[in-house]
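# Architecture and fold: a report
What follows is the residue order along each chain.
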Amino acid sequence: GIPSGLLPRIFDPYVSSQFGQGRSGLGLFSAQVLVNSRLRGQLQVHSAPGEGTRFLIDWPASSE
């Protein structure tokens, strides 16, 4: 899972547990922007140390 101290900020730009070690910290920020803007949805995370992490994407069904 994601460390509890990092969890509230994982969708912020440049946040990474390995920032400065070849990781930019933009992946989850970019994913959230795309889900919010393109899909008009929400990206949520559920994580517990030692139990793993689950991401949930929720978007409205098309009315077309």
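Residues numbered from 1 in each chain as written. Predicted model: local features only at pLDDT ≥ 70, side-chain atom pairs only at ≥ 80, totals over all residues. Heavy atoms only, no water.

## Side note on the overall build of the chain
- Counting secondary structure elements, the chain contains 1 helix and 2 strands.
- Secondary structure elements of the chain, listed N to C terminal, follow the sequence α-β-β.
- Taken over 64 residues, the chain has a buried fraction of 17%.
- When contacts within the chain are restricted to residue pairs at least 6 apart in sequence, those whose partners lie at least 24 apart make up 26%.
- Accessible area for the chain stands at about 4900 Å²; split by element, carbon and sulfur atoms hold 51% of it. (Helix = DSSP H or I, 4+ residues; strand = E, 2+ residues; numbered from the N terminus. Buried < 20%, exposed > 50% of the residue type's maximum accessible area, 1.4 Å probe, protein only. Contact = heavy atoms within 4.5 Å. Areas by Shrake-Rupley, 256 points an atom, 1.4 Å probe, with all protein chains shown as cover.)

## Quick word on the environment of Asp 12
- One can find Asp 12 in the segment before α1 (27-37).
- Along the primary structure Asp 12 and Phe 29 are separated by 17 residues, whereas in three dimensions their C-alpha atoms are 5.6 Å apart.
- Once residues within four sequence positions are removed from consideration, Asp 12 is found in contact with Gly 25 and Phe 29.

## Remarks on the pairing of strand β2 (residues 52-58)
- Judged from the 7 bridges that link them, strand β1 (residues 42-48) and β2 form a sheet pairing that is antiparallel. For Val 45, the partnering residue across the bridge sits in β2 and is Phe 55.
- Between β1 and the antiparallel strand that follows it, β2, lie 3 residues; Gly 50 among them carries a positive phi value of about 80°. (Pairing = 2+ DSSP bridges.)

## What about the confidence of the model for the chain?
- For the chain, per-residue confidence averages 87 on the pLDDT scale, and residues scoring 70 or more make up 89% of the total.
- Mean pLDDT across the elements of the chain ranges from a minimum in α1, with 93, to a maximum in β2, with 96. (pLDDT = per-residue confidence, 0-100.)

## Comments concerning unusual backbone geometry
- One non-glycine residue, Tyr 14, adopts positive backbone phi at about 65°.
- With respect to the helices and strands, the residue Tyr 14 is situated in the segment before α1.
- Not every positive phi belongs to a glycine, and Arg 40 is a case in point at roughly 55°.
- Using a relative accessible area of 67% as the deciding quantity, one classes Arg 40 as exposed.

## As for a nonpolar patch on the surface
- On the surface, a cluster of nonpolar side chains totalling about 290 Å² of accessible area is made up of Leu 39, Ile 57 and Trp 59.
- Mapping Leu 39 onto the fold places it in the loop between α1 and β1. (Patch = residues over 30% accessible without salt bridge, like charges linked within 9 Å, V, L, I, M, F, W, Y side chains within 5 Å. Salt bridge = Lys/Arg side-chain N within 4 Å of Asp/Glu carboxyl O.)

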